[in-house]
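If you want the building blocks of each chain, they are given just below.
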Amino acid sequence: MQIYNTLKKRKEEFVPIEEGKVKMYVCGPTVYNLIHIGNARPMMVFDTVRRYMEYKGYEVNYVSNFTDVDDKIIKAANEEGVDPSVISERYIAECKKDMESLNVKAATTHPKATEEIDGMLDMIQTLIDKGYAYVAKDGTVYYSTRKFKDYGKLSHKNLDDLQGGMRSLLVSGEDQKEDPLDFVLWKPKKEGEPFWVSPWCEGRPGWHIECSVMSRKYLGEEIDIHAGGEDLIFPHHENEIAQSEAANGKPFAKYWMHNAFLNIDNKKMSKSLGNFFTVRDIIEKYDPQVLRFFMLSAHYRSQLNFSADLMEAAKNSLDRILTAADRARDFAAKATGEELTDAEKAMLEESKQYRAKFEEAMDDDFNTADAIAAVFELVKFMNTNITEETSLAFDAVLIEELNGLCDILGIKTERKAELLDADIEKLIEERQAARKEKNFARADEIRNELLAKGIVLEDTREGVKWKRA
Ligand code: AMP
Ligand code: ZN
């Protein structure tokens, strides 16, 4: 399996640190608002990476944080007149709902920055002790960037170029850095802000230290994959490397993976530009699977432009897969022959090429675009070869094959039969009528049918009540 490693600027064979295991950290969102579909791109992309790794037999320890202390969270809290934790908890819950809609698996651990302050104090102290960090007069702790000899190795920038860009910051005199390249590890509180007691001042951590600490705590000092959007390469990931490698005295992550941007009108979708759609906006109009399918239809390192036309195209493409699955299931339900014929065995042998193509694409730095093309070849094969005559065994193998490949992409081949409230009421009435006629078998059948769709019935004195499970 080849992975494009930002650190090396080329694809490399994936060799895990520990055989059969993958330790993977994905930088998560700052939670002050609903996530937009740009934020959702890394979630879906790296969830697909994880699924493929698991398919290959790796045990994946997947850690993705929530940044729950930040200027923007504090600002939102002040505007609403609530504690910042109210804002962050609300949007963590909303983010998890969106992830579930998009079939993004929950991480092994979703640490929150505010619950990991002790680890941050510890790492910052180590950096001070080792001479990589210093405390300014007001208690701010800075990382001494020039002390870390490899600084710039991820973003492939050299210190002097960086320095040029940063000089203006120092001139502004708004901080007490010894060098414009230095960055904050710990900063003093301002009035009304959340803070923690530290040896340097009452304050809060800088953003970069969070990830170094959470990654070490849940995955260890050396990890296989560290990932996020490409805007994180510099300075966030560069700074994480400087912190972790200086503190631990070991290489931090072996492979650095970065997704390209989701754009709109060829500009990065972002909260600050205001040119965004939330995941919620989109899934009001489309099955969330369409969004996932749309995202995976491009390679993760290619920019992807969002448009209504492309979403329609994704919807139609996905529909071709779901229709093929429906059709195959219909034939399977009616099939008579249980055993594979020799001709069918030969055809199944031929159909193995699609999985091989799928794997070849995914092994090549997770080329989901080509993997989807292989799925379409399988779909075509199924549409041509599954017929009234084919055996149940034959149909079933191909359905399984399609389900298996789609599952790696996080796509379900069953259409979600969302029951509308009106449909539920109608079924409940029908059940009441069946009971009146003492047709308890039919009444139970309706109850079970509803239950299978997540609707729980409760017989009360006032009549039948229902709720979604
Ligand atoms: P943020 O909440 O801005 O820190 O972003 C969370 C994650 O989403 C990071 O990995 C970002 O790189 C990523 N991200 C933000 N905007 C986009 C975008 N338009 N396209 C792709 N990834 C993005
Ligand atoms: Zn991070």
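As the structure is a computational prediction, the values presented were derived from the model and not from experiment.

A word on the overall build of the protein. When you go through the protein residue by residue, the secondary structure sums to 15 helices and 15 strands. Split into buried and exposed, the 469 residues of the protein put 51% on the buried side. For the protein, restricting intrachain contacts to residue pairs at least 6 apart in sequence, the fraction spanning at least 24 positions comes to 75%. In the structure as shown, the protein presents an accessible area of about 22300 Å², 49% of it carried by carbon and sulfur atoms.

Distances from the zinc ion (ligand 2) to its protein donors, Cys-27 (SG), Cys-211 (SG), His-236 (NE2) and Glu-240 (OE), fall within 2.0 to 2.8 Å. Taken together, the 4 donor atoms surrounding the zinc ion (ligand 2) define angles of 71 to 128 degrees at the centre, an arrangement classified as irregular. If you list the donors of the zinc ion (ligand 2) from N- to C-terminus, the spacing comes out as C-x183-C-x24-H-x3-E. Pair noted here: Cys-211 is in helix 6 (residues 207-219) and His-236 is in helix 7 (residues 233-248), with a separation of 25 residues, a long-range link. His-236 carries the same exposure label as Cys-211, and that label is buried.

Over its 19 residues, helix 1 (residues 37-55) runs 26 Å from end to end, which matches the ideal 27 Å to within 8%, given 1.5 Å per residue. With respect to burial, helix 1 is a largely interior element, 16 of its 19 residues being buried. A positive phi of about 100 degrees marks Gly-57, the residue just after helix 1.

Our next topic: the sheet that holds strand 4 (residues 59-64). Here we have 4 strands laid out as an open sheet, ordered 4-3-9-10, and parallel in their pairing. Two strands close off the open sheet at either side, each with one partner strand: strand 4 and strand 10 (253-259). The mean angle between the axes of side-by-side strands here comes to 20 degrees, regardless of whether they run parallel or antiparallel. One ladder, built from 6 bridges, connects strand 9 (residues 223-229) with strand 10; its direction is parallel. Note on strand 10: the bridge partner recorded for Ile-225 is Tyr-255. Contacts from helix 6 reach strand 3 (21-26), strand 4 and strand 9 within the one sheet, and its direction differs from that of strand 3 by about 155 degrees. Those strands touched by helix 7 are strand 9 and strand 10, and its axis lies near 160 degrees from that of strand 9.

Close to ligand 1 lie 17 residues, the nearest being Gly-38, Gly-229, Asp-231, Leu-262 and Met-269. Thr-30 places a main-chain nitrogen or oxygen 3.3 Å from an oxygen atom of ligand 1. In this structure, a nitrogen atom belonging to ligand 1 sits 3.3 Å away from a side-chain N or O atom of Asn-259. When isolated, ligand 1 has an accessible area of 480 Å², and the protein chains bury 88% of it. Taken together, the elements giving at least two residues each to the shell around ligand 1 come down to helix 1 and strand 9. Of the residues forming the shell around ligand 1, the biggest block, 3 residues, is contributed by helix 1. Here the residues of the shell around ligand 1 sort into 8 nonpolar, 7 polar and 2 charged.

So, how was this worked out
- Residues numbered from 1 in each chain as written.
- Chains lettered and ligands numbered in written order.
- Predicted model: local features only at pLDDT ≥ 70, side-chain atom pairs only at ≥ 80, totals over all residues.
- Heavy atoms only, no water.
- Helix = DSSP H or I, 4+ residues; strand = E, 2+ residues; numbered from the N terminus.
- Buried < 20%, exposed > 50% of the residue type's maximum accessible area, 1.4 Å probe, protein only.
- Contact = heavy atoms within 4.5 Å.
- Areas by Shrake-Rupley, 256 points an atom, 1.4 Å probe, with all protein chains shown as cover.
- Donors = N, O, S within 2.8 Å, 3.2 Å for Na, K, Ca; no water.
- Tetrahedral: all angles 85-135°; square planar, octahedral: opposite > 155°, others 65-115°.
- Expected span 1.5 Å × (residues − 1).
- Pairing = 2+ DSSP bridges.
- Axes fitted to C-alpha atoms, helices over the stretch in contact; angles between N-to-C directions.
- Near = heavy atom within 4 Å.
- Polar contact = N/O pair within 3.5 Å; in protein donor to acceptor, adjacent residues only side chain to side chain.
- Nonpolar A, V, L, I, M, F, W, Y, C, P; charged D, E, K, R; others polar.

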